[in-house]
Amino acid sequence: PPMGETILEAKDVTRKFGGLVANNNMSLSVKAGEILALIGPNGAGKSTMFNQLSGVDTPTSGDVLFRGKSVAGHSSREIAGLGMSRTFQHVRLLPKMTVLENVAIGAHRRGSKGVLPAAWRLDRDEEARLLREAAVQVERVGLKDFMFAEAGSLALGQQRILEIARALCSDPCLLLLDEPAAGLRLKEKQALAELLRRLKSEGMAVLIVEHDMDFVMSLVDRVVVMEFGEKIAEGLPAEIQSNPAVLEAYLGG
Ligand code: ADP
Ligand code: MG
């Protein structure tokens, strides 16, 4: 999609778990070539929102438009096929397999929660094709030197970047990243930010859930703030940093 075109639009998304309203009339949009942060205190409903957007879960009400198509309640597989790709809050790698193999799994099962190699059942041509596709993404994120290293031997920052390489395999136009900088050292955060800026410059849209405010505010174009399942603020990083409701949510809680 052309830069600046709205590709994702959540409209009044509500998700209730029994009596708990985890997302309450949440609306947000993301444009091609934009990095949007979704922030808020623990339990605010950010991961739940990601699940509604990516087809991992179905909203109780409301809609999600992705590239103009209503996808609320559609399968994560179908949504991934349309060009939305995500990572999860906790690293989901196969530590004894190589970096390349871990990425190839992403190329094989886009959008699924994970698959075991035994379930691949691929013929040799298909396997070779997946490995070629995976190698392109490993190079794209700068992990070429680690292609044949065991994923579990990488530093946490590299594992997060590996997860992004895996997400890139389906050739997405929108990436959803759930706390990619959590637990990373400063240098690793800088490498991650650099990668995300490069993807953005290629026209990628990125929606990122992140707690590290220095990381968020220096990287993103816009910020949406959630508290208790609701949107409490939206704006440029500078506006959000001085927004009284946001300060209250983080400090007053
Ligand atoms: P965040 O990612 O902002 O920390 P979550 O979206 O994980 O918050 O959770 C929001 C709220 O929804 C929390 O109170 C959490 O316990 C609840 N919640 C999330 N998923 C479920 C579920 N599958 N069943 C019941 N409650 C859930
Ligand atoms: Mg979360």
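Note that the coordinates shown come from a computational prediction; the quantities given were computed from them, not determined experimentally. Residues take numbers from 1 onward in each chain, read along the sequence in its written order. Each chain is given a letter, starting from A, and each ligand a number, starting from 1, according to the order in which they appear as written. For a predicted model such as this one, the threshold for reporting local features is a pLDDT of at least 70, and the threshold for listing and counting side-chain atom pairs is 80 or more; totals across whole chains, interfaces and linings nevertheless cover every residue.

Focus: the overall build of the chain
Right, so step 1: When its secondary structure is counted, the chain shows nine helices and ten strands.
Right, so step 2: To get the radius of gyration, use the C-alpha atoms; to get the globule rule, take the number of residues to the power 0.38 and multiply by 2.2 Å. The C-alpha radius of gyration of the chain comes to 18 Å, within 12% of the 18 Å expected for a compact globule of 253 residues.
Right, so step 3: Over its C-alpha atoms, taken along the principal directions, the chain stretches across nearly 55 × 40 × 35 Å.
Right, so step 4: Any residue with 12 or fewer other C-beta atoms within 10 Å of its own C-beta is exposed, any with 20 or more is buried, and the rest are partly exposed; the C-beta atoms used are placed from the backbone. When the 253 residues of the chain are sorted by exposure, 42% land in the buried category. Helix numbering and strand numbering both begin at the N terminus, where a helix is a DSSP run of H or I of at least 4 residues and a strand a DSSP run of E of at least 2.

Some details on the site of ligand 1
Right, so step 1: Every residue lining ligand 1 is accounted for by Phe-17, Leu-20, Ala-22, Gly-40, Asn-42, Gly-43, Ala-44, Gly-45, Lys-46, Ser-47 and Thr-48.
Right, so step 2: Those elements giving two or more residues to the shell around ligand 1 turn out to be β2 (20-31) and α1 (46-54).
Right, so step 3: The dominant element in the shell around ligand 1, judged by the number of residues it contributes, is α1, at three residues.
Right, so step 4: Within the shell around ligand 1, the residues separate by chemical class into four nonpolar, six polar and one charged. In this analysis a residue is considered near a molecule or strand if the C-beta atom, reconstructed from its backbone, is found within 6 Å of that molecule or strand. Note on residue categories: nonpolar means Ala, Val, Leu, Ile, Met, Phe, Trp, Tyr, Cys or Pro, charged means Asp, Glu, Lys or Arg, and polar means any other residue, Gly included.

Details of α1
Counting along an α-helix, one turn takes 3.6 residues, and residues three or four places apart therefore face a common direction.
Right, so step 1: The buried fraction of α1 amounts to eight of the nine residues, a majority that puts the element mostly inside the structure.
Right, so step 2: Taken together, the buried positions of α1 are Lys-46, Thr-48, Met-49, Phe-50, Asn-51, Gln-52, Leu-53 and Ser-54.
Right, so step 3: Of the residues one or two after α1, Gly-55 is the one with positive phi, at around 85 degrees.

Examining unusual backbone geometry
Generally, phi is negative for residues other than glycine and the peptide bonds are trans, each holding for most cases.
Right, so step 1: The backbone of Glu-179 sits at a positive phi, close to 55 degrees, despite the residue not being glycine.
Right, so step 2: You can see Glu-179 is positioned in the loop between β7 (174-178) and α6 (186-201).
Right, so step 3: Its identity as a non-glycine residue notwithstanding, Phe-228 has a phi of 50 degrees, on the positive side.

Considerations on the pairing of strand β9 (residues 222-227)
Right, so step 1: Most of β9 sits inside the fold, with five of its six residues counted as buried.
Right, so step 2: Relative to β9, strand β3 (residues 35-39) runs parallel, the two sharing four bridges. Note on β9: the bridge partner recorded for Ile-39 is Val-225.
Right, so step 3: As defined by bridge partners, β9 adjoins strand β10 (residues 230-235) across five bridges and the pair is classed as antiparallel. The residue of β10 that forms the bridge with Val-223 is Gly-235.
Right, so step 4: Two successive antiparallel strands, β9 and β10, enclose a turn made up of two residues, where Phe-228 displays a positive phi of approximately 50 degrees. Between any two strands, at least two bridges found by DSSP are needed for them to pair.

Some points on the nonpolar core
Right, so step 1: Core analysis: the biggest nonpolar cluster contains 66 residues, and Val-103, Ala-165, Leu-174 and Val-206 have the highest contact counts within it.
Right, so step 2: By residue number, the principal contributor to this core is helix α5 (residues 156-168), which donates six residues.
Right, so step 3: Start and end points for every domain follow an automatic or database-based domain assignment. Among the domains, domain 1 (1-83 + 172-253) and domain 2 (91-171) are the pair contributing at least three residues each to this core.
Right, so step 4: Residues are scored as being in contact if the C-beta atoms we place from backbone atoms lie within 7 Å. Among residues more than four places away in sequence, those in contact with Ala-165 are Val-103, Gln-137, Val-138, Arg-140, Val-141 and Leu-143. Buried Ala, Val, Leu, Ile, Met, Phe, Trp, Tyr and Cys residues whose C-beta atoms connect them within 7 Å together make up a nonpolar core.

Here's the deal with the domain arrangement of the chain
Right, so step 1: When cut into domains, the chain gives domain 1 (1-83 + 172-253) and domain 2 (91-171).
Right, so step 2: With centres defined by C-alpha atoms, the gap from domain 1 to domain 2 works out at 24 Å.
Right, so step 3: Counting residues at the interface gives 15 residues for domain 1, matched by 14 residues for domain 2.
Right, so step 4: Of all elements in the fold, only α2 (76-81) and α6 reach the threshold of two or more residues within the side of domain 1 that touches domain 2.
Right, so step 5: Broken down by class, the residue content of the side of domain 1 that touches domain 2 amounts to nine nonpolar, three polar and three charged.

Remarks on the sheet that holds β10
Right, so step 1: Across the sheet, six strands lie side by side as β6-β7-β8-β3-β9-β10; this open sheet has mixed pairing. One side of each edge strand has no neighbouring strand; the edge strands of this open sheet are β6 (84-86) and β10. Each strand axis lies, on average, 20 degrees off the axis of its neighbour in the sheet, ignoring direction.
Right, so step 2: Axis definition: a line fit to C-alpha positions, over the contact stretch in the case of helices; interaxial angles, taken between N-to-C directions, run 0 to 180 degrees. The strands touched by α1 are β3, β6, β7, β8 (205-209) and β9; relative to β7, the strand with the most contacts, the crossing angle is about 150 degrees.

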